[in-house]
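Observations on the model geometry
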Amino acid sequence: MMVVLLGPPGAGKGTHADAIRSGFGVPHVSTGDMLRAAIEAGTPSGRKAKELVERGELVPDDLMAEMVRDRLSDKDASTGFILDGYPRNLDQARDLDGMLATRGAALDRVLSLVVDDEEIVRRLSGRRTCEECGAPYHVVSAPPKIAGTCDRCGGPLAQRADDRPDVIEHRIAVYRAQTEPLVAFYRERGLLAEVDATGSLGAVRQRVVGALR
Ligand code: AMP
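Described in the following lines is the structure provided in the data block. Please read these numbers as outputs of a predicted model, since none were measured by experiment.

Considerations on the sheet that holds strand β2 (residues 28–30)
- Spatial strand order, β2-β3-β1-β4-β8: five strands in an open sheet with parallel pairing. Where the open sheet ends on each side, the last strands, each with one partner, are β2 and β8 (192–196). When the angles between neighbouring strand axes are averaged without regard to direction, this sheet yields 20°.
- Direction of pairing for strand β1 (residues 2–6) relative to strand β3 (residues 81–84): parallel, over a ladder of four bridges. Within the sheet, the bridge partner assigned to Leu5 lies in β3 and is Asp84.
- Strands in contact with helix α2 (residues 31–41) are β2 and β3; relative to β2, the strand with the most contacts, it is inclined by about 60°.

Remarks on the state of the cysteines
- Using the criterion set out here, one finds zero disulfides in the structure.
- No disulfide involves Cys133; its nearest neighbouring cysteine sulfur is the one of Cys150, lying 3.8 Å away.
- With no disulfide of its own, Cys153 has Cys130 as its nearest cysteine by sulfur position, at a separation of 3.5 Å.

A short note on unusual backbone geometry
- At the junction of Tyr86 and Pro87, the peptide bond is cis and its omega measures out at 0° in the coordinates.
- When you line up the elements, Pro87 lands in the loop between β3 and α5 (90–101).

Some remarks on the environment of Thr79
- Relative to the assigned elements, Thr79 resides in the loop between α4 (61–72) and β3.
- Separated by 57 residues in the primary sequence, Thr79 and Pro136 have C-alpha atoms spaced 27 Å apart.
- Leaving out residues up to four positions away in the same chain, Thr79 has contacts with Met1 and Met2.

Calculation criteria
Residues numbered from 1 in each chain as written. Predicted model: local features only at pLDDT ≥ 70, side-chain atom pairs only at ≥ 80, totals over all residues. Heavy atoms only, no water. Pairing = 2+ DSSP bridges. Helix = DSSP H or I, 4+ residues; strand = E, 2+ residues; numbered from the N terminus. Axes fitted to C-alpha atoms, helices over the stretch in contact; angles between N-to-C directions. Contact = heavy atoms within 4.5 Å. Disulfide = S-S within 2.5 Å.

Interpretation note: all reported values are geometric properties and have no functional meaning in isolation.
Below is the structure:
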C-alpha cells in the first residue's frame, strides 16, 4: 500500500499516519521528522535545511528528493509506505512518480485531511512534542498528566520552533499556495480521498481507515 497523506500543518497527518502504520503494517515516512532529525544531528542536509524549516519555508526539491529516495529504498518500504509531508508541490509530486516508476510501482491512494485555518492555528499553537520519543500532546485537548512531561517516557515536552504564531501563519500560506494544488492534481488522477479531519481523534481515525479500505 503506497499512500500519500496531504493536509495543512496541524491537520493530524503525523498522528493518523502512525495509526495507519500500526493498522496496515507499512512504515510512516515523515519528511518533517527526517529533517528535524538531520538538523538535530547536524548533518550536511540538516545544516542546509535548518533556517528554512525554522522560517516555515520549503526546503529545496532536490534535497528532499534525495532524502525520500534513500528512505523509500529501505527494505521496510519495499512493499508500501505512508508518506507524510511529501510531496509538497507539483515538482515534488512528479519526482515521486519518477522514483516509484523506476521500481515499477505507483501510488495507490492520496488522502487529503481537511481542516480550516482557524482550527489549524488553535491546534498548532498548543502543540507540544516529547523531545525524547516524539509523542504528541496539546496543552488544551491532549495535555500530559504532569505539565511539561511525557506520559510515555518521562521526557521533556517542547514547542517546535516553527509552531510560533508568525511562522504558523506563513506555513499555512505556503501550504495553500504550493501544496494545495496537489489536491486537484491527484483528484484528476482518481487517487484522491478527502477526509474531514475535525472532531474527535477516534472519529477522524475511522474516516481515515475507511478511506483506505
Ligand atoms: P512538517 O513536520 O511536515 O510540518 O514539516 C516541517 C517543515 O519541514 C516544513 O515547514 C518545511 O520547512 C520542511 N519540509 C518538510 N517536508 C518538506 C518537503 N516535502 N519539501 C520541502 N520542505 C519540507
